[in-house]
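# Architecture at a glance
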Amino acid sequence: MTQSRRMSMVEAATNVIFGYALAVGMQIVVFPVFGIHIALDDQLAIGLAFTAISLVRGYVLRRLFERFR
């Protein structure tokens, strides 16, 4: 049984949403340790950029693995 394209997107999106929350939380904690001080809206924007890339990457890899399965 293979995973549908829709469910691949749902899985990738769920993974990325949790990853986004974790990444932004870690930025808030870790950046100041390294002397990096930026506004929260900038941290959210940085996280969003990486999240978009991660979502596409996760979806493409899932579809490739389904194709070669």
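Residues numbered from 1 in each chain as written. Predicted model: local features only at pLDDT ≥ 70, side-chain atom pairs only at ≥ 80, totals over all residues. Heavy atoms only, no water.

## So, the environment of Ala12
Stated formally: Each helix is a run of H or I in the DSSP string that is no shorter than four residues. Each strand is a run of E no shorter than two, and both are numbered from the N terminus. Contact between two residues is taken to exist if any of their heavy atoms lie within 4.5 Å; hydrogens are not considered.
Tracing the backbone shows Ala12 in helix H1 (residues 5–33). If near-sequence neighbours (up to four positions away) are discounted, Ala12 is found in contact with Leu55, Gly58 and Tyr59.

## Brief notes about the packing of H1 against helix H2 (residues 40–68)
Threshold: Axis geometry follows a simple rule: fit a line to the C-alpha atoms, using only the stretch in contact for helices, then measure angles between N-to-C directions, giving values from 0 to 180 degrees. An angle counts as roughly parallel when it lies under 35 degrees, as roughly antiparallel when it exceeds 145, as roughly perpendicular when it falls between 65 and 115, and as oblique in every other case. With the far helix as reference, a near helix turned anticlockwise by less than a right angle produces a left-handed crossing, and one turned clockwise produces a right-handed crossing. Put simply, Ala, Val, Leu, Ile, Met, Phe, Trp, Tyr, Cys and Pro go in the nonpolar bin, Asp, Glu, Lys and Arg in the charged bin, and everything else, Gly too, in the polar bin.
Interaxial distance between H1 and H2 falls to 8 Å at its minimum, and their mutual angle equals 150°. As far as their axial angle goes, H2 and H1 are roughly antiparallel. H1 and H2 meet at a crossing whose hand is right-handed. Tallied by class, residues from the contact of H1 with H2 come to 14 nonpolar, 7 polar and 4 charged.

## Let's talk about the side chain of Arg63
We apply this condition: Relative accessibility under 20% of the residue-type maximum defines a buried residue, over 50% an exposed one, and the middle range a partly exposed one, all with a 1.4 Å probe and only protein chains included. The positive count covers Lys and Arg only, the negative count covers Asp and Glu only, and His and the chain ends enter neither. Note on definitions: salt bridges are taken to be side-chain nitrogens of Lys or Arg within 4 Å of carboxyl oxygens of Asp or Glu. Pairs of N or O atoms are called polar contacts if they sit within 3.5 Å, as long as, within protein, a hydrogen donor faces a hydrogen acceptor (for residues adjacent in sequence, only side-chain-to-side-chain pairs).
One can find Arg63 in helix H2. Of the buried charged residues, Arg63 lacks a salt bridge, with Glu66 as the closest side chain of opposite charge at 5.4 Å. There is a polar contact of 2.9 Å between the side chain of Arg63 and the side chain of Ser8. Beyond its immediate sequence surroundings of up to four residues, Arg63 is in contact with Gln3, Ser4, Arg5 and Ser8.

## Description of the side chain of Glu66
Secondary-structure assignment places Glu66 in helix H2. Discounting residues that sit within four places of it in the chain, Glu66 has contacts with Thr2 and Gln3.

## Quick look at the pattern of salt bridges
A side chain of one charge can pair with a side chain of the opposite charge if their charged atoms are brought near each other. Under the defined criterion, the tally for this structure stands at 1 salt bridge. For Arg62, the salt bridge is made with Glu11, and the minimal N-O distance between the two is 2.4 Å. Taken together, the residues Arg62 in helix H2 and Glu11 in helix H1 connect sequence positions 51 residues apart. You can call Arg62 partly exposed: its relative accessible area is 30%.

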